[in-house]
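Here's the letter readout for the chains.
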Amino acid sequence: MGKYTKKDILRLVEEEDVEFIRLQFTDLFGNLKNVAITSSQLEKALDNKCMFDGSSIDGFARMEESDMYLYPDLDTLAIFPWRPQQGKVARLICDVYRPDRTPFEGDPRYILKKVLGQAADMGYRFDVGPECEFFLFHTDDDGLPTTITRERAGYFDLGPMDLGENVRRDIVLTLEEMGFEVESSHHEMAPGQHEIDFRYDDALNTADNIMTFKLAVKTIARRCGLHATFMPKPKFGVNGSGMHTNMSLARDGRNLFRDDADENGLSQEAYYFMGGIFRHIKGITAITNPIVNSYKRLVPGYEAPVDIAWSAKYRKLMIRIPEEREENTRIELRSPDPSCNPYLALAVCLAAGLDGIRNRLLPPACVDRSVTAMTKEERKELHVDSLPGSLLEALEELGQDSLLMGVLGERTGQNYILAKKEEWTQYCSQVTDWEIENYLYRI
């Protein structure tokens, strides 16, 4: 049973003096969208009568089928703490429906719900805990973002070296006011880089929370005169930002990935789930690392994984098994970055894991040392492959993976691939500063 009814929301909006409500949804590429209404229109919205033009949203619908309806999820009501206290602003996260009142198959939230339904049919609840990293940069005199930071702090440093400490504190307090359970926050490896971790939840709530998290971080940073970016690799020569994704399955409140008798603390389901991730990871990468810049992060030497391997001890591989076990036993996928659409990313990861369980797929042997130092023969013996080296390579893998394309849906999957290949083509046609510096004067 949900925590809010329609009557509850109407009452809360009146009691809290909420004047504006943002009906939010996420497009195919992970961009948060909204239709703003006043409180006088709220009852109409709660009756699922709020319409918008889907053809104007990238990757959504064709012109001849543009009419879409927003169905608010009542349990996602939240008041924005950063807006005025008189005439407050609240939000409701919405599902997208067609005029015939059927779910729109290109809605990322629906795509995740569909896979979660398959998991539920198998008796599983999919729990996810993200680790979201971001950079805080200064803005210029016009208020536009730069890649400049005046700090030199590193991993776990604190003030006065960590100049973003106060901003991070304000972000955490804002998130807690919105109902987040923030577990930790700290400075990351690169100057200006930060991480805030909030408690795991079922996958749908987690995806909703990631979208809210990114909005809150950007909003509070802007109020402090800074620009927050979730771009995976905004600066050359320093670590990029990842979104390590901790995953587990549960049934009746029990963690099914736990097996205390196993040397790694993992159950058979956990190994099979991991085996499914390994089988589909190259196609998954086109979703979890969805932009050209994602592949500037996935290079050797900067903590991000490059090789398709797993370990229960060595931290830098694609999958690691955190030391925290028993009811906290989980698989940590380290390759995703925060530019991804979280609904799609969790959908394809879950679908791959379920495929592993259905077909009893096992991952390759555990690797407890650096893969970088291995010879080609050693890599071959341990079945260590590499993640895609570019967006184009990942998209080719996605197009060939029938399971993942089935998760996205034929038309949505093709829309995604076509749009991303166009992005790649535009990138390749650019003349970069590196080319000018290296070729202009000597050729």
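Residues numbered from 1 in each chain as written. Predicted model: local features only at pLDDT ≥ 70, side-chain atom pairs only at ≥ 80, totals over all residues. Heavy atoms only, no water.

Colleague: Which residues make up the packing of helix α6 (residues 268-288) against helix α10 (residues 391-399), and what values do they have?
Modeller: Interhelical geometry of α6 versus α10 gives an angle of 120 degrees and a closest axis separation of 7 Å. With respect to α10, the element α6 is oriented oblique. When the axes of α6 and α10 are compared, the crossing they make is left-handed. On α10, the residues that touch Lys282, Gly283, Thr285, Ala286 and Ile287 of α6 are Ala394, Leu395, Glu397 and Leu398. Across the contact of α6 with α10, the residue classes tally to 5 nonpolar, 2 polar and 2 charged. (Axes fitted to C-alpha atoms, helices over the stretch in contact; angles between N-to-C directions. Helix = DSSP H or I, 4+ residues; strand = E, 2+ residues; numbered from the N terminus. Parallel < 35°, antiparallel > 145°, perpendicular 65-115°, else oblique. Left-handed = near helix turned anticlockwise from the far one by under 90°. Contact = heavy atoms within 4.5 Å. Nonpolar A, V, L, I, M, F, W, Y, C, P; charged D, E, K, R; others polar.)

Colleague: Any chance you could break down the environment of Ala309 for me, citing the residues and the numbers?
Modeller: Note on placement: Ala309 falls in the loop between β14 (307-308) and β15 (310-311). In the structure, Ala309 is positioned 277 residues away from Leu32 in sequence and 33 Å away in space, judged by C-alpha atoms.

Colleague: Any chance you could break down a nonpolar patch on the surface for me, citing the residues and the numbers?
Modeller: Residues Val431, Ile436, Leu440 and Tyr441 make up a contiguous nonpolar surface patch of about 470 Å² in total accessible area. Looking at where Ile436 falls in the secondary structure, it is placed in helix α13 (residues 433-439). (Patch = residues over 30% accessible without salt bridge, like charges linked within 9 Å, V, L, I, M, F, W, Y side chains within 5 Å. Areas by Shrake-Rupley, 256 points an atom, 1.4 Å probe, with all protein chains shown as cover. Salt bridge = Lys/Arg side-chain N within 4 Å of Asp/Glu carboxyl O.)

Colleague: A description of the packing of aromatic side chains should follow, citing residues and the corresponding values.
Modeller: Counted under the stated rule, the structure contains 15 aromatic pairs. Where Tyr271 meets Trp310, the ring centres are 6.1 Å apart and the plane angle is 70 degrees; that geometry is what we call edge-to-face. In this pair, Tyr271 sits in helix α6 while Trp310 sits in strand β15, placing the two residues 39 residues apart along the sequence. Take Trp310: its relative accessible area is 3%, and that puts it in the buried class. Ring pairs connect the aromatic residues Phe134, Phe180, Phe198, Phe213 and Phe230, which therefore count as one cluster. Stacked on the ring of Tyr69, the Lys or Arg Arg101 has its end atom at 4.0 Å from the ring centre. Above the face of the Tyr302 ring, Lys233 is positioned so that its terminal group lies 3.8 Å from the ring centre. (Phe/Tyr/Trp six-rings, centres within 6.5 Å; stacked < 30°, edge-to-face > 60°. Buried < 20%, exposed > 50% of the residue type's maximum accessible area, 1.4 Å probe, protein only. Lys NZ or Arg CZ within 6 Å of the ring centre and 35° of its normal.)

These results come straight from atomic positions and should not be treated as a statement about function.
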